[in-house]
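Below, each chain spelled out in residue letters.
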Amino acid sequence: MTTQPIDAAAARNPALAAVANAAVRAIPPVWPLASSVAVNPFLGQSGESLAQTAARLGRVAGIAVTMPRSWYLERIASGAITDDDLAGALAASPHANRPASPAALKAAAATAAPPPKALPTVADLAAEVSGTDWPGLIAERFGGWAAGYFDMGQALWAAPQGKSAYAAWRAVATHDLTPEILGLAGFATKVADGPETAGQALAAAVARLGLPTAACETYFHQLLAGLGGWAQFARYRLWQAELAGGSDTTLTDFLAIRLIWEQALHDRYEQRIAERWRAVRAAHAEPVAPTADHVVDAILQDAADRAAQRALAETFAQERTARPSPGRPTLQAAFCIDVRSELFRRALESTGPGIETIGFAGFFGLALSHRRHASDVDEAHCPVLLTPAATSRTTGCGHHHGHHQDHGHLSDDTKARLTARAKRAWGRFKLAAVSSFAFVEAMGPVYAGKLLRDSFSLGGAKASHDPAPRLDPALPVDRRAGMAATILRAMSLTDGFARIVLLAGHGATTVNNPHASALQCGACGGYSGEANARLLAGLLNDPEVRTALAGQGIVIPADTLFVGALHDTTTDAVTLYDADHPSAPHATDLQRVRGWLAAAGAIARGERALRLPRANGADDVSRRSRDWAEVRPEWGLAGCSAFIAAPRSRTADRDLRGRSFLHSYDWRQDDGFRVLELILTAPVVVASWISLQYYGSTVAPTMFGAGNKLLHNVTGGIGVVEGNGGLLRVGLPWQSIHDGERYMHEPLRLSVVVEAPQEAIDGVLSRHPELRALFDNGWLHLFRLNEQGRMASRYLRSLQWTDLDASPKQEKPEPEPHKQLLRATG
């Protein structure tokens, strides 16, 4: 574990520094809106079981981490959750205080669980005795300051930069009289006369509040969790710093700031809250342990997971109609593993014989730092778990880094830059303090046309038509060939190439949507995936690379053309970038491909329209991407429940209902199981973050959901608040998981299904204890397909497996595995 930096004052107390660090690590990061990616909100609890996490988050945040019992009871009554599901979940529970029998579990399910209640902070206690909403005031004052401190270009008057968070806050707090007006006399003076560093402030507050070290971890966690998305954005800054080999103290500074508020309120109301505060300190010092109710809820959740797994196993067990093999495929199309691609791939395969589709992570194995056309912003087009390994840029014709241009003609790049600058200047003029008033009066009528166009959904975003991207600097041919060989092997595509091989990244086009990047490609870091797809197509069309690949045993036929493409998941339109590599002999082939893609898009839109509110047919689906009042342009990855790494033949002709991540993988071609290791440690982890973000936003929307889209205001250019200020809201908006009448996402933990030898899977888990913890603690479920393509065995924990058709009593868990697990993984 990396140590969170803390200054000398706290360093003199290593136990205090350790608990502060643990509290920091308990907070998940959140990415800014421009490149928002799904994050596992339980990232800091992956070493604990669901019941243990319920106990911890119940104490610090007052939230449940499972659905209300009535939700499970409905499924038990309808038969969706069977007695076998309940018995299996009960037998697999590692907790000693679980119900004694399935009958006792059912009886518990029919009894409402007590709602979780967080321990009060000093601010909560002060509010009770004074009648002043101190927690609300802290959230409002802190949020107003943090929005300015973190601002990424939205503010017209930017806050001064260059100070630590603690120093910047002190500079503002010493002049903020709001707390004093509301009864906290001398607050600004206390801050001004207080400790100079965050570490000193933290140590002083802990001493003044009488906190034993044992009480600090969950208390610190509570204070940071109470800052909502602001703490999570600070955690993101630490994440990015550590990824680059550095560090960041922002979140520790936040903890010190929040403790200063607690200390000031304690000093003000000490006489009236002393007894209650003593009890709270004692409760925080108690070890976190799940109650019988927490255990029951975790077992019910496991039973719901098992019901979905049973249905998936039945899908795999269905007999398939044998497809005649046409010899050479008429088309090979590689799509992202995203669940939205499953539906489109199924539709595309149905449009013509010999069409093969491939599932692969949407960044196509190219971890890029990319600059778009006419931009100097470096975008990380890769999973957030990785650092970019190459740099690329998109440049228009006539652009040569500013040199040797014909000065009579501006390059495309320069024209685009001038246009963008003019738009920014116009936007600033519209919003400036003085000009904004005159602007509305003078220019209002000019915007009538735009208003009508947007109101009738006649505008809308379009797919990128930037010039072709290129690696910059260019890499030597041996490196390019090495990259190409690694990617093709990871795709299990080393022979049998079609004349046209489509490499389709994906993106989404929506309007008036602050969360637009959440619908983009998660494997591309929250950006659309066409740059990666086009670069890989260029790499694989390069004659030098092909010659080098042949020397490595991968022979690409001379008549094979790789074509980059972009699948718009909102409209199911596919844009081909065939102009990147013009080829007259392939013109007829490409015309046929366009026909197949159009037909597949119509089929996919028709299927998706059945789930979208107010969509009466396929035509309504496309219109949603242009409607500025539409809060549900598409369902994103709602419903995701499985990740399957196997040959496409195992899932072809099976309707997986757009709920499965599909990664093409043939273990027989995987020398040393390096590709298996890559799949389990990268795409599976990214998919788990997506799945658990949807899960957290559904079961705990107050903490892990972004609230109501209709109330959102973008703040700082980084996130949204509900209303005009307060806490930054993170996770998914309510409209992304609920259609107004029912949940569109069923909160299930992801089931990972892999076709590979058990020993190979165990080997990967043994080498990656953090990955293994996700499976051992039930954040993910793991299954193995047998030679017949059926789900044959289930992973339990501690590298133990059981046959899927085993009776529940054969699933023998270890009692309370936490300490044993830590020893085993350590």
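For clarity, every value in this text was computed on a predicted model and none was experimentally measured.

## Here we look at the sheet that holds strand S3 (residues 368-371)
For step 1, the next point in the chain: Here four strands make up an open sheet; going across it, the order is S4-S3-S5-S6 and the pairing mixed. Looking at which strands have only one partner, the edges of the open sheet turn out to be strand S4 (379-381) and strand S6 (469-471). Averaged over all adjacent pairs, the angle separating strand axes in this sheet is 35°, with direction ignored.
For step 2, the next point in the chain: When S3 meets strand S5 (residues 390-394), the two strands line up parallel, connected through four bridges. Following the sheet pairing, His370 is matched in S5 by Ser392.
For step 3, the next point in the chain: Strands in contact with helix H22 (residues 530-541) are S3, S4, S5 and S6; relative to S6, the strand with the most contacts, it is inclined by about 65°.

## Quick notes on the nonpolar core
For step 1, the next point in the chain: Counting 191 residues, the largest nonpolar core has Trp145, Phe220, Phe254, Leu503, Phe643 and Phe661 as its most contacted members.
For step 2, the next point in the chain: Here this core takes 14 residues from helix H15 (residues 250-285), the largest share from any one element.
For step 3, the next point in the chain: Not counting the four nearest positions on each side in its chain, Leu503 is found in contact with Ala334, Phe364, Met491, Ala533, Leu536, Ala537, Leu540, Phe562, Val563, Gly564 and Ala565.
For step 4, the next point in the chain: The next biggest cluster of nonpolar side chains, apart from the first, holds 22 residues, and it includes Val563, Leu576, Leu590 and Ala604.

## Points about the environment of Asn616
For step 1, the next point in the chain: Note that Asn616 resides in the loop between helix H24 (587-609) and helix H25 (618-624).
For step 2, the next point in the chain: A C-alpha to C-alpha distance of 9.2 Å links Asn616 and Gly606, two positions 10 residues apart in sequence.

## Concerning the packing of aromatic side chains
For step 1, the next point in the chain: The final tally for this structure, using the stated rule, is 29 aromatic pairs.
For step 2, the next point in the chain: Summarising the aromatic geometry, the rings of Phe42 and Trp779 are spaced 5.1 Å apart at their centres and angled 20° between planes, so their arrangement reads as stacked. With a gap of 737 residues between them, Phe42 in the loop between helix H2 (14-25) and helix H3 (50-61) and Trp779 in the loop between helix H30 (769-776) and strand S17 (781-785) connect regions that are remote in the sequence.
For step 3, the next point in the chain: On the basis of relative accessibility, which here comes to 0%, the residue Phe42 falls in the buried class.
For step 4, the next point in the chain: Clustering of aromatic rings is evident, with ring pairs tying together Trp31, Phe142, Trp145, Tyr149, Phe150, Trp230, Phe233, Tyr236, Trp239, Phe254 and Trp689.
For step 5, the next point in the chain: One cation-aromatic arrangement involves Arg75 over Trp71; the distance from NZ or CZ to the ring centre is 3.8 Å.

## Looking at the confidence of the model for the protein
For step 1, the next point in the chain: Overall, the prediction assigns the protein a mean pLDDT of 91, with 91% of residues at 70 or greater.
For step 2, the next point in the chain: Below pLDDT 50 for its whole length, residues 816-826 participates in 17 contacts with residues either more than four positions away or in separate chains.

## A short note on the sheet that holds strand S2 (residues 355-360)
For step 1, the next point in the chain: Sheet architecture is open: five strands sit in the order S2-S1-S7-S8-S9, paired in mixed fashion. At either end of the open sheet lies a strand with only one pairing partner, and these are S2 and strand S9 (574-576). Neighbour-to-neighbour, the strand axes of this sheet turn through a mean angle of 25°, independent of strand direction.
For step 2, the next point in the chain: Bridge count between strand S8 (residues 561-568) and S9: three bridges; the pairing is antiparallel.

## Some thoughts on the environment of Trp169
For step 1, the next point in the chain: Summarising the element assignment, Trp169 is placed in helix H9 (residues 165-173).
For step 2, the next point in the chain: The exposure class of Trp169 is buried, given its relative accessible area of 5%.
For step 3, the next point in the chain: On a C-alpha basis, the gap between Trp169 and Ala146 in space is 8.4 Å, while along the polypeptide they are 23 residues apart.

## Quick word on the pairing of strand S14 (residues 719-722)
For step 1, the next point in the chain: Examined bridge by bridge, strand S13 (residues 712-715) and S14 share four bridges and lie antiparallel to one another. Looking across to S14, one finds that His712 is bridged to Glu722.
For step 2, the next point in the chain: Counted along the chain from S13 to the antiparallel partner S14, the turn is three residues long, and its residue Gly716 has a positive phi close to 65°.

## As for the pattern of salt bridges
For step 1, the next point in the chain: Overall, the coordinates contain 51 salt bridges when judged by the stated rule.
For step 2, the next point in the chain: Residue Arg328 pairs with Asp559 through a salt bridge whose shortest N-O separation is 2.9 Å. On the criterion of sequence distance, the pair formed by Arg328 in the loop between helix H16 (292-317) and strand S1 (331-336) and Asp559 in the loop between helix H23 (543-551) and S8 is long-range, its members being 231 residues apart.
For step 3, the next point in the chain: Arg328 sits in the partly exposed class, given a relative accessible area of 36%.
For step 4, the next point in the chain: A relative accessible area of 27% means that Asp559 is categorised as partly exposed.
For step 5, the next point in the chain: Where salt bridges share partners, they join Arg328, Arg499, Asp559, Asp589 and Arg592 into one cluster.

## Description of unusual backbone geometry
For step 1, the next point in the chain: Asp472 connects to Pro473 through a cis peptide bond whose omega is 5°.
For step 2, the next point in the chain: Among the structural elements, Pro473 can be located in the loop between S6 and helix H21 (477-490).
For step 3, the next point in the chain: Its identity as a non-glycine residue notwithstanding, Asp653 has a phi of 65°, on the positive side.
For step 4, the next point in the chain: Relative to the helices and strands, Asp653 is located in the loop between strand S10 (642-646) and strand S11 (660-664).
For step 5, the next point in the chain: Notably, Ser798 is not glycine yet its phi reads approximately 55°, a positive angle.

## Looking at H21
For step 1, the next point in the chain: For H21, with 14 residues, the first-to-last C-alpha span of 20 Å sits near the 20 Å given by 1.5 Å per residue.
For step 2, the next point in the chain: Buried residues in H21 make contact with S2, S6, H22, H23, S11 and helix H26 (674-681).
For step 3, the next point in the chain: Where H21 terminates, the next one or two residues include Ser492, which has phi positive at roughly 55°.

## Some thoughts on the environment of Gly658
For step 1, the next point in the chain: Here Gly658 lies in the loop between S10 and S11.
For step 2, the next point in the chain: Apart from the residues lying within four places of it in its own chain, the contact partners of Gly658 are Val339, Glu342 and Arg346.

## Re the pairing of strand S18 (residues 791-795)
For step 1, the next point in the chain: Here S18 lies mainly inside the structure; four of its five residues are buried.
For step 2, the next point in the chain: Across three bridges, S17 lies against S18 in antiparallel orientation. Opposite Arg784, over in S18, you have Ser793 as the bridge partner.
For step 3, the next point in the chain: Linking S17 back to S18 in an antiparallel pair, the connection comprises five residues, with Gly789 at a positive phi of about 80°.
For step 4, the next point in the chain: Sheet topology note: the S18/strand S19 (residues 801-803) ladder contains three bridges and is antiparallel. Looking at S19, one finds that Ser793 is bridged to Asp803.

## Considering a nonpolar patch on the surface
For step 1, the next point in the chain: Side chains of Leu177, Ile181 and Leu182 sit close together on the surface and give an oily, nonpolar patch of about 320 Å² of accessible area.
For step 2, the next point in the chain: Checked against the element boundaries, Leu177 lands in the loop between H9 and helix H10 (178-181).

## Brief notes about the state of the cysteines
Simply put, disulfide is the name for a covalent bond between the sulfur atoms of two cysteines.
For step 1, the next point in the chain: Counted according to the given criterion, the structure contains zero disulfides.
For step 2, the next point in the chain: Unpaired in this structure, Cys382 has its nearest cysteine sulfur neighbour in Cys524, at a distance of 8.6 Å.
For step 3, the next point in the chain: You can see Cys524 has no disulfide; the closest cysteine sulfur is in Cys521, sitting 3.5 Å from it.
For step 4, the next point in the chain: A relative accessible area of 0% means that Cys524 is categorised as buried.

Cut-offs and rules
Residues numbered from 1 in each chain as written. Predicted model: local features only at pLDDT ≥ 70, side-chain atom pairs only at ≥ 80, totals over all residues. Heavy atoms only, no water. Pairing = 2+ DSSP bridges. Helix = DSSP H or I, 4+ residues; strand = E, 2+ residues; numbered from the N terminus. Axes fitted to C-alpha atoms, helices over the stretch in contact; angles between N-to-C directions. Contact = heavy atoms within 4.5 Å. Core = buried A, V, L, I, M, F, W, Y, C linked by side-chain atoms within 4.5 Å. Buried < 20%, exposed > 50% of the residue type's maximum accessible area, 1.4 Å probe, protein only. Phe/Tyr/Trp six-rings, centres within 6.5 Å; stacked < 30°, edge-to-face > 60°. Lys NZ or Arg CZ within 6 Å of the ring centre and 35° of its normal. pLDDT = per-residue confidence, 0-100. Salt bridge = Lys/Arg side-chain N within 4 Å of Asp/Glu carboxyl O. Expected span 1.5 Å × (residues − 1). Patch = residues over 30% accessible without salt bridge, like charges linked within 9 Å, V, L, I, M, F, W, Y side chains within 5 Å. Areas by Shrake-Rupley, 256 points an atom, 1.4 Å probe, with all protein chains shown as cover. Disulfide = S-S within 2.5 Å.

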